[in-house]
Amino acid sequence: PLAVIAHRVSRPIQQLTAALTDFAGGDWSRRLDTGGKGAARDEVGLAVEAFNRMADQLVEHRDRLVHLTRIASWQSLARKTAHELKNSLTPIRLTVEEMQARHPASERAVMDQAVQIVVSEIESLERRVRAFSEFASEPVVRPEDLDINAVVSERVALLRRVHPEVTYDLHLDG
């Protein structure tokens, strides 16, 4: 009987230790069976549930970090590309305008039309560069009212499902 009790206590702890080791070693999919609704609510059962929650949260945070890193990389690329394009467009515009100014008046009509086409295309590219540049900048912060009662109520509703044994007493703002 003592060996059976020791086995019931040590086996879940060994499984939890193995899962923690696997998770630390890079197996981020590792979870432990909680035993369903009839599972023990002792310290080991709570530790298993905490491990599974922690693992899910870490995976979620890792995925979010990867997403934010990708966005930051794209923003950096956008910033550099916009800068390089802007540096190239300015001398092109100035050169074309200089060519127009030095062209003989007798052939000015053709040159004016050619310059207008080139300047128009440069302006189009500059608009695209500005849009690309705007993507690279941080969005404008727009504070807004928040219904904190709704947020708290929503969070507590989620907690009630996970921890039905806890009594929640909310005192929300009128």
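What comes next concerns the included structure. (Residues numbered from 1 in each chain as written. Predicted model: local features only at pLDDT ≥ 70, side-chain atom pairs only at ≥ 80, totals over all residues. Heavy atoms only, no water.)

**Structural notes on the overall build of the protein**
Line of reasoning, step 1. In terms of helices and strands, the protein carries 4 helices and 0 strands.
Line of reasoning, step 2. In sequence order, the secondary structure elements of the protein are arranged as α-α-α-α.
Line of reasoning, step 3. For 174 residues, the compact-globule estimate of 2.2 N^0.38 gives 16 Å, and the protein exceeds it by more than 25% at 32 Å.
Line of reasoning, step 4. For the protein, the spread of C-alpha atoms along the three principal axes comes to 110 × 50 × 20 Å.
Line of reasoning, step 5. The proportion of buried residues among the 174 residues of the protein is 16%.
Line of reasoning, step 6. Considering only contacts in the protein between residues 6 or more positions apart, those separated by 24 or more positions represent 54%.
Line of reasoning, step 7. Counting every atom, the protein has about 13,700 Å² of accessible surface; 59% of that belongs to carbon and sulfur.
Line of reasoning, step 8. Averaging the coordinates of the 23 positive side-chain charges in the protein and doing the same for the 26 negative ones gives two points 4 Å apart. (Helix = DSSP H or I, 4+ residues; strand = E, 2+ residues; numbered from the N terminus. Rg over C-alpha atoms; globule rule 2.2 N^0.38 Å. Buried < 20%, exposed > 50% of the residue type's maximum accessible area, 1.4 Å probe, protein only. Contact = heavy atoms within 4.5 Å. Areas by Shrake-Rupley, 256 points an atom, 1.4 Å probe, with all protein chains shown as cover. Lys, Arg positive; Asp, Glu negative; His and termini not counted. Charge placed at Lys NZ, Arg CZ, Asp CG, Glu CD.)

**Brief notes about the packing of aromatic side chains**
Line of reasoning, step 1. According to the stated counting rule, one finds 2 aromatic pairs in the structure shown.
Line of reasoning, step 2. Ring geometry for F23 versus F51: centroids 6.0 Å apart, planes at 80 degrees, classification edge-to-face. In this pair, F23 is assigned in helix α1 (residues 2–24) and F51 in helix α2 (residues 43–102), connecting sequence segments 28 residues apart. F51 carries the same exposure label as F23, and that label is buried.
Line of reasoning, step 3. Through pairs of rings, three or more aromatic residues link up here, namely F23, W28 and F51. (Phe/Tyr/Trp six-rings, centres within 6.5 Å; stacked < 30°, edge-to-face > 60°.)

**Some words on a nonpolar patch on the surface**
Line of reasoning, step 1. Together, L146, I148, V152, L170 and L172 give the surface a local cluster of nonpolar side chains, amounting to about 420 Å² of exposed area.
Line of reasoning, step 2. A relative accessible area of 40% places L172 in the partly exposed class. (Patch = residues over 30% accessible without salt bridge, like charges linked within 9 Å, V, L, I, M, F, W, Y side chains within 5 Å. Salt bridge = Lys/Arg side-chain N within 4 Å of Asp/Glu carboxyl O.)

**Points about α1**
Line of reasoning, step 1. Compared with an ideal rise of 1.5 Å per residue, which puts 23 residues at 33 Å, α1 spans 33 Å between its outermost C-alpha atoms and is within 8% of the ideal.
Line of reasoning, step 2. Taken together, the buried positions of α1 are L16, A19 and F23.
Line of reasoning, step 3. Note on α1: the residue one or two positions beyond its end, G26, has a positive phi of about 115 degrees. (Expected span 1.5 Å × (residues − 1).)

**Examining the packing of α1 against α2**
Line of reasoning, step 1. For the pair α1 and α2, interaxial distance at closest approach is 10 Å and the crossing angle is 15 degrees. The pairing of α1 with α2 is recorded here as roughly parallel in orientation. The handedness of the crossing between α1 and α2 is left-handed. Within the contact between the two elements, α1 uses P12, I13, L16, A19, L20 and F23 and α2 uses V44, A47, V48, F51, M54, A55 and L58. (Axes fitted to C-alpha atoms, helices over the stretch in contact; angles between N-to-C directions. Parallel < 35°, antiparallel > 145°, perpendicular 65-115°, else oblique. Left-handed = near helix turned anticlockwise from the far one by under 90°.)

**As for the pattern of salt bridges**
Line of reasoning, step 1. According to the stated counting rule, one finds 7 salt bridges in the structure shown.
Line of reasoning, step 2. The closest approach of N and O atoms between D22 and R30, which form a salt bridge, is 2.1 Å.
Line of reasoning, step 3. Between E126 and R93 there is a salt bridge whose closest N-O contact spans 2.8 Å. Of the two residues, E126 sits in helix α3 (residues 108–136) while R93 sits in helix α2, which places them 33 residues apart along the sequence.

**Quick look at the environment of R142**
Line of reasoning, step 1. On the secondary structure map, R142 appears in the loop between α3 and α4 (148–162).
Line of reasoning, step 2. Along the primary structure R142 and L65 are separated by 77 residues, whereas in three dimensions their C-alpha atoms are 23 Å apart.

**Brief notes about a positive patch on the surface**
Line of reasoning, step 1. Positive charge collects at one region of the surface, where K86, R127, R128 and R130 lie side by side.
Line of reasoning, step 2. Considering the arrangement of structural elements, one finds R130 in helix α3.
Line of reasoning, step 3. For R130, a relative accessible area of 45% corresponds to the partly exposed category.

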